[in-house]
Amino acid sequence: MGNVLLLNGPNLNRLGKREPDIYGDTTLEDIEQRVRQQLAASSWGMDSKQSNHEGDLIDWIHQAEDSYDGIIFNPGAYTHTSIAIRDAISSVTVPVIEVHISNVHQRESFRHVSMLAPVCAGQIVGLGVKGYELAASYFIS
Ligand code: CA2
């Protein structure tokens, strides 16, 4: 059927290892496995990539144009700072759903602004790691 790219930005490789009060105890590998299974049940494929480097994320967004029907993206702290990632999302037609595990609006004011949300198809915030599965549901439904 279709193909989804699960993309995670800086420090999300630390999930499940530190700060469980904010991010829970699920690892990134657990999330990848859950979303892959969920998509496979609807005959969708999924690839997963994580990087701590802005340029990697930009390159993968560009490359996704020809290979994926959607991107589930937790951009980490680049959400709040990166005009370059915003421009990358604007440069492709593949829909991007921005996901945040924590409720950024209940946290520091610098987390309240997303540079990316205006160019994303949608945004899921504060629903824990379930947010990734909700984003996958959007693509397969
Ligand atoms: O809530 C989210 O998903 C965030 O994207 C997570 C980012 C944060 O900068 C955003 O404001 C909101 C931080 C990811 C760091 O993940 C960690 C995981 C475990 C231990 C420490 C950090």
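Here's what I pulled together on the structure shown here. (Residues numbered from 1 in each chain as written. Predicted model: local features only at pLDDT ≥ 70, side-chain atom pairs only at ≥ 80, totals over all residues. Heavy atoms only, no water.)

1. Regarding helix α2 (residues 28-40)
Here comes step 1: When the terminal C-alpha atoms of α2 are compared, their 18 Å separation across 13 residues agrees well with the 18 Å that a helix rising 1.5 Å per residue should span.
Here comes step 2: Every buried residue belonging to α2 is among L28, I31, E32, V35, Q38 and L39, and all of these are buried. Viewed end-on, α2 has its buried residues packed into an arc of 135°, placing them on one side of the element.
Here comes step 3: In this fold, the buried residues of α2 make contact with β1 (3-8), β2 (45-50), β3 (70-74) and α5 (130-140). (Helix = DSSP H or I, 4+ residues; strand = E, 2+ residues; numbered from the N terminus. Expected span 1.5 Å × (residues − 1). Buried < 20%, exposed > 50% of the residue type's maximum accessible area, 1.4 Å probe, protein only. Arc of directions from axis to C-beta. Contact = heavy atoms within 4.5 Å.)

2. Examining the site of the ligand
Here comes step 1: Around the ligand, 17 residues are found, and the nearest of them are N74, H80, H100, I101 and S102.
Here comes step 2: Within the backbone of A77, one N or O atom sits 3.4 Å away from an oxygen atom of the ligand.
Here comes step 3: Here an oxygen atom of the ligand and a side-chain polar atom of R111 are 2.9 Å apart.
Here comes step 4: Taking 510 Å² as the accessible area of the ligand by itself, protein coverage stands at 93%.
Here comes step 5: Using a 2 Å cut-off from the grid points, one finds that the ligand occupies the largest pocket. (Near = heavy atom within 4 Å. Polar contact = N/O pair within 3.5 Å; in protein donor to acceptor, adjacent residues only side chain to side chain. Areas by Shrake-Rupley, 256 points an atom, 1.4 Å probe, with all protein chains shown as cover. 1 Å grid on protein atoms, 1.4 Å probe; cavity = no way out; pocket = protein on both sides within 12 Å on 5 of 7 lines; lining within 4 Å. Sits in = over half its atoms within 2 Å of the grid points.)

Read these as geometric descriptors, not functional statements.
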